[in-house]
Amino acid sequence: MNAPELRLSRIREGLPYPLGATWDGKGVNFALATAHATKVEVCLFDKDGKEKERIVLPEYRGETWHGYVPDIGPGTFYGYRVHGPYAPDEGHRFNPNKLVLDPYARAHFGSLTWDPALFAYKVGDPQADLSYDERDSAPFMPKCVVVDADFDWKQEKVWKAVPWDRAIVYETHVRGYTKLHPKVKENERGTYAGLATKEVIQYVKSLGVTSVELLPIHTFINDDFLLKRKLTNYWGYNSIGFFAPDPRYAADPSKSLQEFKEMVARFHDAGLEIIIDVVYNHTAEGNELGPTLSFKGIDNSSYYRLMPDKKRYYINDTGTGNTLNLSHPLVIQMVCDSLRYWAEEMHVDGFRFDLGTILAREPGGFDTHNGFMKAVMQDPRLAKVKLIAEPWDCGPGGYQVGGFPPGWAEWNDKYRDTVRDYWRAEASPAALAPRLCGSPDVFNRRGRQPWASVNFITAHDGFTLSDLVTYNDKHNEANGEDNKDGHSHNRSWNHGAEGPTDDEAIRGLRKRQMKNLLATLLLSQGTPMLLAGDEFARTQKGNNNAYCQDNEISWVDWNHDERAERLINFVRKLTGLRHRFPILRRARFVTGQFDEELGVKDASWISTNGEEMRDEQWQDANSRCFGMLLDGRAQTTGIRKRGEEATLLIIFNPWQDVVKFKLPRSNGGDGWTLLADTNFPDSTEEPEFPIGHEYEVTGRSLLLFALNHNK
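Below is a short write-up of the structure. (Residues numbered from 1 in each chain as written. Predicted model: local features only at pLDDT ≥ 70, side-chain atom pairs only at ≥ 80, totals over all residues. Heavy atoms only, no water.)

## Observations regarding unusual backbone geometry
Here comes step 1: The omega angle of the peptide bond from Y17 to P18 is -10°, so this bond is cis rather than trans.
Here comes step 2: Summarising the element assignment, P18 is placed in the segment before β1 (20–23).
Here comes step 3: Even without being a glycine, E63 presents a positive backbone phi close to 60°.
Here comes step 4: Within the element layout of this structure, E63 appears in the loop between β5 (59–61) and β6 (64–70).
Here comes step 5: In the Ramachandran plot, A537 falls in the positive-phi region, its phi being about 65° despite a non-glycine side chain. (Helix = DSSP H or I, 4+ residues; strand = E, 2+ residues; numbered from the N terminus.)

## Remarks on the packing of aromatic side chains
Here comes step 1: Within the structure shown, the criterion is met by 44 aromatic pairs.
Here comes step 2: A ring pair is formed by Y86 and Y132, whose centres lie 5.1 Å apart and whose planes are at 70°; its orientation type is edge-to-face. Note that Y86 is positioned in strand β8 (residues 86–87) and Y132 in the loop between β10 (108–109) and β11 (143–145), a separation of 46 residues in sequence.
Here comes step 3: With a relative accessible area of 19%, Y86 lands in the buried category.
Here comes step 4: Overall, the relative accessible area of 30% leaves Y132 in the partly exposed class.
Here comes step 5: Here the aromatic rings of F404 and W408 are separated by 5.5 Å at their centres, their planes lie at 45°, and the arrangement is tilted. (Phe/Tyr/Trp six-rings, centres within 6.5 Å; stacked < 30°, edge-to-face > 60°. Buried < 20%, exposed > 50% of the residue type's maximum accessible area, 1.4 Å probe, protein only.)

## Side note on the packing of helix α9 (residues 413–423) against helix α13 (residues 504–523)
Here comes step 1: For the pair α9 and α13, interaxial distance at closest approach is 11 Å and the crossing angle is 140°. Judged on the interaxial angle alone, α13 and α9 are oblique. Crossing angle aside, the handedness with which α9 passes α13 is right-handed. Each of Y415, V419 and W423 in α9 lies in contact with α13, whose residues at this interface are Q513, N516, L517, T520 and L521.
Here comes step 2: By residue class, the composition of the contact of α9 with α13 is 5 nonpolar, 3 polar and no charged. (Axes fitted to C-alpha atoms, helices over the stretch in contact; angles between N-to-C directions. Parallel < 35°, antiparallel > 145°, perpendicular 65-115°, else oblique. Left-handed = near helix turned anticlockwise from the far one by under 90°. Contact = heavy atoms within 4.5 Å. Nonpolar A, V, L, I, M, F, W, Y, C, P; charged D, E, K, R; others polar.)

## Here's the deal with the layout of surface pockets
Here comes step 1: Of the volumes computed, that of the second largest pocket is approximately 650 Å³.
Here comes step 2: S466, K511, F536, A537 and T539 are the residues nearest the centre of the second largest pocket, which is lined by 25 residues in total.
Here comes step 3: If you list the elements that add at least two residues to the lining of the second largest pocket, you get α12 (465–468), α13 and α14 (562–580).
Here comes step 4: With 4 residues, α13 is the largest single contributor of residues to the lining of the second largest pocket. (1 Å grid on protein atoms, 1.4 Å probe; cavity = no way out; pocket = protein on both sides within 12 Å on 5 of 7 lines; lining within 4 Å. Points joined across faces, edges and corners; volume = space filled by probe spheres on them.)

Set out below in structure tokens:
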């Protein structure tokens with residue numbers, strides 16, 4: 001009897017690394033990590049989304065299925081079908097009827113169409129997610145794309161990262177920033193190419209900022225409940241792919257990878273950094289009733305944190321339905337690989353970690369010595385980029401401002417809240433003082449420096465600066481949730497009228513308050529972060545939760561009037577002063593302690609009589625106006641010698657009336673030069689005043705003086 005004839009397959013074994021789909025010029029190596037799958041098929045699709053071939057990956061090594069497919073290359077559309085047990089009570093949700101996205105895909109094409117076939121269970125079945133659905137989800141799924149990663153970075157000029165102490169962060173949104181920009185080609189508005197437009201970059205550079213922080217650009221999903229309300233997930237905090245720039249932000253979606261790289265290169269040419277907001281805390285797959293799009297169908301029990309005694313259900317420390325399992329080596333590897341990819345291949349300069357506490361949470365709670373944090377901190381490539389944590393989530397012990405290790409910066413909401421309260425006369429000088437110093441009470445430990453405190457007044461989440469001084473209450477009616485969403489306690493003040501007004505007195509006070517807030521931010525120790533558009537009083541009409549508003553509510557309006565231009569110029573003046581005077585961005589925390597050896601105090605707190613504030617003045621509820629004197633002779637490094645920087649005096653007056661402030665005596669000086677006054681923001685003069693001069697500080701204003709040295 002003859003043996004059956006063997007059919008020779010063109011498929012080869014391939015390698016278990018690198019993960020994802022890797023083209024070598026002759027074919028593509030596919031590798032998918034999963035600890036519990038029994039079989040993996042890669043599905044190839046034509047440009048119309050029709051499945052044309054299904055290939056079983058032949059090898060399984062090190063918990064990775066892999067295979068090599070010759071004669072295919074860049075532009076190939078693909079996805080996976082993963083076989084294994086469907087046992088939700090045991091934490092497994094494999095269903096090969098559901099096409100799943102490659103976690104390591106470098107590009108995606110097409111969009112998700114919400115349909116019951118996307119769910120691994122029968123929607124509406126009495127058994128809910130314990131039931132099993134056999135419908136094919138592929139027609140409704142976006143597809144992964146094999147890419148050619150080649151890009152000529154040689155055209156990028158010699159690039160050096162911005163030192164932390166010089167950084168001024170500018171937070172914006174790829175789509176919203178240029179969607180209405182008149183200098184951007186219409187077909188490029190709202191895209192990576194639009195952001196790379198010469199006039200856009202020139203404007204950003206002119207503001208004096210150094211680092212542009214983009215809201216999430218990883219591929220994300222539009223929530224079904226938003227689409228039903230004819231809204232979208234505008235902010236993008238709903239990731240489904242951690243290696244791919246979202247194609248909806250590309251002028252040519254088929255070239256999203258190259259377009260993003262070109263954008264980064266052009267910003268680098270201008271000396272500007274690109275920081276991206278990353279969401280490694282959850283995915284768009286939701287809880288046990290959510291769809292199967294990627295991780296859930298690849299290895300649910302590895303990728304997600306499940307309830308220890310009820311593995312059918314997810315731990316929800318993010319408030320989104322699921323939490324990525326950063327305790328699992330597979331997930332740690334994926335996130336670290338993603339970070340390295342964006343740093344090495346995409347040349348981004350830093351990352352802002354949404355709900356960053358998740359990254360350091362173990363089953364027992366927050367722990368910065370966990371596996372992920374150790375992996376990141378020892379990585380020589382990641383040590384060279386900026387790492388910024390949003391140091392809170394909604395899980396137990398989730399608020400961890402100041403809890404991150406050296407090498408990390410953190411969004412400092414204590415700064416935001418205190419500064420807002422101070423300028424509406426709800427916080428004391430004693431509360432404001434440490435915030436002006438980089439919050440040493442929070443960050444001065446383990447050799448951390450003031451730059452670890454990312455100071456901000458406003459961000460994408462909440463009121464814009466203009467709305468902060470225009471509305472007492474949120475106005476989120478456009479979100480379709482009966483104005484119940486968003487924070488109700490905004491520490492805002494409308495100054496006498498809710499919303500826009502023709503009252504010139506109110507409008508003038510609002511403008512001055514915006515300048516006070518901006519000046520406080522840019523003259524404080526630490527890393528300042530501006531929200532894009534605040535420099536010209538952008539409004540969201542009182543919406544403090546515009547996450548779903550992909551329209552004029554969120555888009556930046558470039559139709560500026562003369563008032564807006566004057567505010568822009570004032571911001572430029574402030575950033576110029578910050579760059580001009582290193583004492584405003586010290587590498588050492590301000591302590592206010594007298595250095596007997598050098599005979600210098602790095603900072604002194606001055607009362608209106610020109611003398612140092614006494615204890616009873618700090619405690620006086622009626623004492624509002626005060627000064628912060630930064631002595632340029634203070635030690636600047638670990639070397640014991642006097643500094644040689646300018647001495648500055650910042651005066652704060654949140655009171656409604658004029659306060660006479662006696663300019664103090666300071667060693668080595670014979671007078672003071674006025675550099676800025678928020679009551680006269682357009683002044684180009686720098687008048688001089690003698691020691692002891694009683695300067696009339698306008699109600700609700702801020703002033704900056706520089707000490708004149710004896711001639």
